[in-house]
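Fold and contact review
Next come the chains, spelled out residue by residue.
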Amino acid sequence: MKTENTFWAAQGAMATFVLLWGSAAIVTRWGLDHGSVLALLILRFALALGALLLIRGGRLLPPRGQRLPVAGVGLLLIGFYTLCYFLALEHEVTPGLLATVLGAQPILTLVLTERRFAPWRLAGLLLALLGLTLVVYQSLVLARLSWTGMAFALGALLCVTVGALWQKRIALPPSEVLPLQYAVTLLLCALLIPFQPFHWQWSVGFLVPVVWMGLGVSVAAQLLLYRMIRSGNLVNVTSLFYLVPVVTVLLDYLVFGNALSVMSLAGMIAILAGLAVVHGRPERVPAE
């Protein structure tokens, strides 16, 4: 019974994480209609930091000896990744192309962490990546190749891949890690204020996205992600990001009424099939 409860708890955590993370694109787009990127990021991270400090009774720093690596992961996995992500979009990389580039993360993680991986795991990831490409195909068709934008997209891929690998090595509970990581990320964003637009409107269209992104994504979803990274197989965890565009497309349909194409539906089926292969079989490696 305990094993069954653990299984369903893990499934619930994964589903909650995917739903929260998948909502980020829709909510962010709403917020950016009423404020600048830097304003949304700073207020989002400030709210997340405040909430985490309340959870931890005001304690910002992790134990001595862990502070430098924790801060380094925060700058890489949250700070520089977020900046590269938004700068790639700003330099004409379409969301679909950016999602496809970032879709290489689970494959890179597999190659870097499982030197004798089973071929079916790679096949499942490639099938999911093909499905992702179909889901975002329309955005890929409209993509304009910008070398600067692609450099930022590859930078985001590098940050999220290396950052996740580094975070996996930190044994501290997520609630002890995230406050310092958001603090250094806030400092990084604050340093950019003289160089980037910083403005917002006091409106529901800005405040609701800030609260949702700050508490729902940067606290709840990020805590779930770090717990999964800490306790699970890193390839399996990162492969969940293939589901994020699926949730985004479905929310786009439900919230804004944008029709689902046959290609998008086919892509969703391919993603689910690929992840079923990756998650549904025991993790074995070929015999030497």
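Our structure is the block above this text.
In this report, we go over the structure that sits alongside the text. (Residues numbered from 1 in each chain as written. Predicted model: local features only at pLDDT ≥ 70, side-chain atom pairs only at ≥ 80, totals over all residues. Heavy atoms only, no water.)

**A look at the packing of helix α4 (residues 95–102) against helix α8 (residues 147–168)**
Closest axis-to-axis distance for the α4/α8 pair is 9 Å, and the angle between their directions is 40 degrees. One element, α4, and the other, α8, form an angle in the oblique class. Crossing of α4 against α8: the hand is right-handed. Where α4 approaches α8, its residues L97, L98, V101 and L102 are matched on the opposing element by M150, A153, L154, A156, L157 and V160. Residues of the contact of α4 with α8, tallied by class, amount to 10 nonpolar, no polar and no charged. (Axes fitted to C-alpha atoms, helices over the stretch in contact; angles between N-to-C directions. Helix = DSSP H or I, 4+ residues; strand = E, 2+ residues; numbered from the N terminus. Parallel < 35°, antiparallel > 145°, perpendicular 65-115°, else oblique. Left-handed = near helix turned anticlockwise from the far one by under 90°. Contact = heavy atoms within 4.5 Å. Nonpolar A, V, L, I, M, F, W, Y, C, P; charged D, E, K, R; others polar.)

**Notes on the nonpolar core**
One broad rule of soluble globular proteins: the nonpolar side chains tend to lie buried together. By size, the foremost hydrophobic cluster in this structure holds 78 residues, and its most contacted members are F17, Y182, Y226, Y242 and I271. Setting aside its immediate chain neighbours within four residues, Y182 contacts F45, A48, L49, L52, I78, S218 and Q222. (Core = buried A, V, L, I, M, F, W, Y, C linked by side-chain atoms within 4.5 Å. Buried < 20%, exposed > 50% of the residue type's maximum accessible area, 1.4 Å probe, protein only.)

**With respect to the environment of H34**
Mapped onto the fold, H34 is located in the loop between α1 (2–32) and α2 (37–55). Taking the C-alpha atoms as reference, H34 lies 7.6 Å from S203; in sequence the two are 169 residues apart. Other than its neighbours up to four places away in sequence, H34 contacts W200, Q201, S203, G205 and F206.

**Concerning the packing of aromatic side chains**
Think of a pair of aromatic rings as described by two things: how far the centres are apart, and how the planes are tilted against each other in angle. This model, assessed by the stated rule, comprises 9 aromatic pairs. Taking 5.8 Å as the distance between ring centres and 80 degrees as the angle between the ring planes, the aromatic pair formed by W21 and F241 counts as edge-to-face. You can see W21 sitting in helix α1 and its partner F241 sitting in the loop between α11 (234–239) and α12 (244–256), a full 220 residues away along the chain. What makes W21 buried here is its relative accessible area of 17%. Overall, the relative accessible area of 23% leaves F241 in the partly exposed class. On the basis of an interplanar angle of 85 degrees and a centroid distance of 5.6 Å, the ring pair of F198 and W200 is categorised as edge-to-face. Assessed through its relative accessible area of 33%, F198 is described here as partly exposed. By the ring-pair criterion, three or more aromatic residues cluster together here, those being F198, W200, W202 and F206. (Phe/Tyr/Trp six-rings, centres within 6.5 Å; stacked < 30°, edge-to-face > 60°.)

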